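# Structure at a glance
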Amino acid sequence: MEYNPSDHPRASTIFLSKSQTDVSVPNKRVREKRKSLYINHHHGGPVRRKYSSCSTIFLDDSTVSQPNLKYTIKCVALAIYYHIKNRDIDGRMLLDIFDEKLHPLSKSEVPSDYDKHDPEQKQIYRFVRTLFSAAQLTAECAIVTLVYLERLLTYAEIDICPANWKRIVLGAILLASKVWDDQAVWNVDYCQILKDITVEDMNELERQFLELLQFNINVPSSVYAKYYFDLRSLAEANNLSFPLEPLSRDKAQKLEAISRLCDDKYKDLKKLAKKRSVSADNLAVVRWCPAIIS
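Residues numbered from 1 in each chain as written. Predicted model: local features only at pLDDT ≥ 70, side-chain atom pairs only at ≥ 80, totals over all residues. Heavy atoms only, no water.

### Notes on the overall build of the protein chain
- Each helix and strand in the protein chain was counted, giving 10 helices and 2 strands.
- When the elements of the protein chain are put in sequence order from the N terminus, they spell out α-α-β-α-α-α-α-α-α-α-β-α.
- Looking at the protein chain as a whole, 38% of its 294 residues are labelled buried.
- Looking at the protein chain alone, contacts between residues at least 24 apart form 82% of all its contacts between residues at least 6 apart.
- Carbon and sulfur atoms form 53% of the exposed surface of the protein chain, whose accessible area is close to 18,500 Å². (Helix = DSSP H or I, 4+ residues; strand = E, 2+ residues; numbered from the N terminus. Buried < 20%, exposed > 50% of the residue type's maximum accessible area, 1.4 Å probe, protein only. Contact = heavy atoms within 4.5 Å. Areas by Shrake-Rupley, 256 points an atom, 1.4 Å probe, with all protein chains shown as cover.)

Here is the structure:
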């Protein structure tokens, strides 16, 4: 029995599987291009990897509870890129609500070959970053967005492609922002970001997205953590490393305080478990005696 990766913590995420799909030379070229983009993005000179030593410990500022916003969005954009690039060749059903030709996001004319050219990772990143920046969404919301996107693809049995990726991503972000963030962004707020889209269109997109998810918007913490760590694995495989900084005294003290707090909680739970185990009175105590074999 195969589990749905967006529902079950043990099922492998689809985006990670698609990113590892070896299409021989083309896929190698993509990885080399990613590497060159990574190198060109950083300052001049040789790219040197930072290693921890006895005197200095390097850590990034991204954790499962507080991910780095910029790099999480980059990783999510890369995951969507691999979804589009390594989609099924035969193609699946294209639902009208996600078709950009039928429901354009801007008044500018949609090119006749809009469904032929795969978007670059940079284009996907700019689209997602614009929405997150304007709506002031969190990095956790980006991870939930990817969960909803993969859940939609599996539940509705559709593929994300050049013709529908923008509206699928928009619908996933819209839903994730309402479920995850305390201060939800209203549909009319997205109409202020995407000037040419109507509230009615946003409402219909949200309604159909929910129906295709069978109203399953629950994201267990174990599934969320799996997606976070798989995104980190994707980043590492594509030379999109999270920025490392030396561990400062202040940060070390905070980590120590958090560790001590978790340790205290564990000790309290352990004591509570012991009390519960001996709470019954007048129980016969089983004593083990050595067996005498004659």
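Following the structure, the description resumes.
### Things to note about helix α8 (residues 199-212)
- Look at α8: 20 Å from first C-alpha to last across 14 residues, which is about the 20 Å you get at 1.5 Å a residue.
- Asp201, Met202, Leu205, Glu206, Phe209 and Leu210 are the residues of α8 that are buried. Each buried residue of α8 lies within a common arc of 165 degrees when the element is viewed along its axis, so the set occupies one face.
- Of the surrounding elements, those touching the buried residues of α8 are α5 (139-155), α6 (165-180) and α7 (187-193).
- Gln214 lies just past α8 and shows a positive phi near 55 degrees. (Expected span 1.5 Å × (residues − 1). Arc of directions from axis to C-beta.)

### Some details on the environment of Thr21
- Following the sequence through the fold, Thr21 ends up in the loop between α1 (14-19) and α2 (24-41).
- With 61 residues separating them along the chain, Thr21 and Tyr82 place their C-alpha atoms 9.3 Å apart.

### Section: the nonpolar core
- Counting residues in each nonpolar core, the largest one holds 65 residues, and the members touching the most others are Phe98, Tyr148, Ile160, Val169, Leu170, Tyr190 and Leu231.
- Leave out the neighbours within four places in its chain, and Leu231 touches Phe15, Cys75, Val76, Ala79, Ile143 and Leu146. (Core = buried A, V, L, I, M, F, W, Y, C linked by side-chain atoms within 4.5 Å.)

### Remarks on the environment of Gln136
- Within the secondary structure, Gln136 is located in the loop between α4 (121-135) and α5.
- For the pair Gln136 and Ser177, spaced 41 residues apart in sequence, the C-alpha separation works out to 9.7 Å.

### Some words on α4
- The end-to-end C-alpha distance of α4 is 21 Å, a good match for the 21 Å that 15 residues give at a rise of 1.5 Å each.
- Turning to α4, its buried residues number three or more, namely Gln121, Ile124, Tyr125, Phe127, Val128, Leu131, Phe132 and Ala135. Around the axis of α4, the buried residues are gathered within 165 degrees of arc, so they sit on the same side.
- A positive phi of about 55 degrees marks Gln136, the residue just after α4.

### Some details on the pattern of salt bridges
- In the structure shown here, the tally under the stated rule is 6 salt bridges.
- Among the ionic pairs, Arg151 bridges to Asp7, the shortest N-O distance being 3.1 Å. Taken together, the residues span a long stretch of sequence, with Arg151 in helix α5 and Asp7 in the segment before α1 at a distance of 144 residues.
- Since its relative accessible area comes to 26%, Asp7 is described here as partly exposed.
- Across the pair Lys178 and Glu206 runs a salt bridge whose closest N-O atoms are separated by 3.0 Å. In this pair, Lys178 sits in helix α6 while Glu206 sits in helix α8, placing the two residues 28 residues apart along the sequence.
- Look at Lys178 and you get partly exposed, because its relative accessible area is 28%.
- Owing to a relative accessible area of 16%, Glu206 belongs among the buried residues under this scheme.
- Taken together, the shared-partner salt bridges connect Glu204, Arg207 and Glu211 into one network. (Salt bridge = Lys/Arg side-chain N within 4 Å of Asp/Glu carboxyl O.)

### As for the side chain of Glu140
- Secondary-structure assignment places Glu140 in helix α5.
- No salt bridge is formed by the buried Glu140; its nearest oppositely charged neighbour, Arg232, is found at 13 Å.
- Beyond its immediate stretch of four places on either side in the chain, Glu140 contacts Ser65, Gln66, Pro67, Trp180 and Tyr224. (Lys, Arg positive; Asp, Glu negative; His and termini not counted.)

### Describing the packing of helix α3 (residues 69-85) against helix α9 (residues 221-237)
- Taken N-terminus to C-terminus, the directions of α3 and α9 make an angle of 80 degrees; their axes are 10 Å apart at the nearest point. In this view, α3 runs roughly perpendicular relative to α9, as classed from their interaxial angle. Contacts from Cys75, Val76, Leu78, Ala79 and Tyr82 in α3 reach Leu231, Leu234 and Ala235 in α9.
- When grouped by side-chain class, the residues that make up the contact of α3 with α9 number 8 nonpolar, no polar and no charged. (Axes fitted to C-alpha atoms, helices over the stretch in contact; angles between N-to-C directions. Parallel < 35°, antiparallel > 145°, perpendicular 65-115°, else oblique. Nonpolar A, V, L, I, M, F, W, Y, C, P; charged D, E, K, R; others polar.)

### Some words on the packing of aromatic side chains
- In total, this model carries 6 aromatic pairs according to the counting rule given.
- Between the aromatic rings of Tyr81 and Tyr82, the centroid separation amounts to 5.4 Å while the plane-to-plane angle is 70 degrees, which identifies the pairing as edge-to-face. Judged on exposure class, the residue Tyr81 and its partner Tyr82 are both buried.
- Across from the ring centre of Tyr71, 5.2 Å away, lies the NZ or CZ of Lys74, which sits over that ring. (Phe/Tyr/Trp six-rings, centres within 6.5 Å; stacked < 30°, edge-to-face > 60°. Lys NZ or Arg CZ within 6 Å of the ring centre and 35° of its normal.)

### With respect to the confidence of the model for the protein chain
- Summary statistics for the protein chain give a mean pLDDT of 81 and a share of 75% for residues scoring 70 or more.
- Across residues 22-27 the pLDDT falls below 50, and counting only partners more than four positions away or on other chains, this stretch makes 5 contacts in the model.
- Counting contacts from residues 33-47, a segment whose pLDDT is below 50, to residues more than four positions away or on other chains yields 15 contacts. (pLDDT = per-residue confidence, 0-100.)

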